[in-house]
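Structural features, examined
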Amino acid sequence: MNHKIDEVVTIPPAWTEASAPPLEVDFGCHRGAFFIGMAAMNPGTNFLGLEKQADRVNKCLRKIGRLGLANAFAVQGLGAEPLQKLLPSASVTTFHLYFPDPWPKRRHAGRRVFQVSFLEEIRRVLRPNGTLRLMTDCESYFCEMRDLTRVGWNELPWEDGRETVETAFEKTFRAMGMKPHQVCLKPIAIEALVAT
Ligand SMILES: C[S@@+](CC[C@H](N)C(=O)[O-])C[C@H]1O[C@@H](n2cnc3c(N)ncnc32)[C@H](O)[C@@H]1O
């Protein structure tokens, strides 16, 4: 079964109600190693995987079904579109963007998903105390992401006291002895920005 955003008008409605449990988004979730593993370890939190490739979404959904997880779901979508269509404002507690496609050639840099408009969409969907967690092996992309978050975002410690699961790409890079760049960010409220 393949959930395309045009076919699935919404994610489970209870996931985005005001009193909903925490909701975490794994953008570019690949085959779900991270968010499905986290969902299995954190039954009180809902995990939504977003991924552009339908075959990977199908793999995620089959795995979720096999494990019988009611707190994990995956949807196919490209870029900011699934955020706009599926996620109300202030609905997400943690937005994970791990190893986004780096497009390392300068002439392809415009294809990187992390652009100003995408970042503003993340800001919109985050709950007031929500966080954005970024991880990549690509230094130039990491610098670009940090430049775009220099104003309007505060850095928090990466460790949040939770046991975590490696993403597929993280596992590969760490096995090669490489340490990825990581940062955890919290949006500064617009009112506080205007007052400064
Ligand atoms: C390099 S992989 C990283 C996968 C995973 N996050 C990890 O850390 O192992 C990037 C993933 O993002 C997906 N992707 C790339 N661009 C996307 C976009 N614009 N919208 C949604 N998914 C995207 C790719 O299909 C791929 O599965």
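Structure: above.
Described below are features of the structure shown in this document. Source: prediction; values computed, not measured.

Definitions and cut-offs
- Residues numbered from 1 in each chain as written.
- Predicted model: local features only at pLDDT ≥ 70, side-chain atom pairs only at ≥ 80, totals over all residues.
- Pairing = 2+ DSSP bridges.
- Helix = DSSP H or I, 4+ residues; strand = E, 2+ residues; numbered from the N terminus.
- Buried ≥ 20, exposed ≤ 12 C-beta atoms within 10 Å, placed from the backbone.
- Arc of directions from axis to C-beta.
- Contact = placed C-beta atoms within 7 Å.
- Near = placed C-beta within 6 Å.
- Nonpolar A, V, L, I, M, F, W, Y, C, P; charged D, E, K, R; others polar.
- Right-handed = clockwise from strand over helix to strand, strands pointing away.
- Axes fitted to C-alpha atoms, helices over the stretch in contact; angles between N-to-C directions.

**As for the pairing of strand β7 (residues 181-187)**
Here strand β5 (residues 126-136) pairs with β7 via five bridges, running antiparallel. Looking at the pairing, M135 lines up with Q182 of β7. Where strand β6 (residues 153-156) and β7 come together, four bridges link them in antiparallel fashion. Pairing of E155 across the sheet is with L185, part of β7.

**Notes on helix α4 (residues 116-125)**
Those residues of α4 that fall on the buried side of the exposure criterion are L119, I122 and V125. The buried residues of α4 occupy an angular sector of 125° when the element is viewed end-on, so they sit on one face. Exposed and facing more than 90 degrees away from the buried side of α4 are V116, S117 and E120. On its buried face, α4 is in contact with α3 (81-86), β4 (92-98), β5 and α5 (139-148).

**Observations regarding the site of the ligand**
Taken together, 18 residues lie near the ligand, and G28, H30, K52, T167 and F169 sit nearest. When contributions to the shell around the ligand are tallied by element, the ones reaching two or more residues are β2 (46-51) and α6 (168-175). If you tally residues by element for the shell around the ligand, the top one is α6, at three residues. When its residues are assigned to classes, the shell around the ligand shows eight nonpolar, five polar and five charged.

**Section: the pairing of β5**
Across six bridges, the pairing between β4 and β5 is parallel. Along β5, the bridge assignment pairs L97 with L134. Handedness of the crossover joining β4 and β5 through α4: right-handed.

**Some points on the sheet that holds β2**
Ordered in space as β3-β2-β1-β4-β5-β7-β6, the seven strands form an open sheet in which the pairing is mixed. Two strands in the sheet have a free side with no partner beyond their single neighbour: β3 (72-76) and β6. Shown here is a sheet whose adjacent strand axes are inclined to one another by a mean of 25°, direction ignored. Pairing of strand β1 (residues 23-27) with β4 involves four bridges; the strand directions are parallel. When the bridges of β4 are listed, E24 appears paired with T94. With respect to the sheet, helix α1 (residues 33-41) is in contact with β1, β2, β3 and β4, its orientation differing from that of β2 by roughly 170°. The strands touched by α4 are β4, β5 and β7; relative to β5, the strand with the most contacts, the crossing angle is about 140°.

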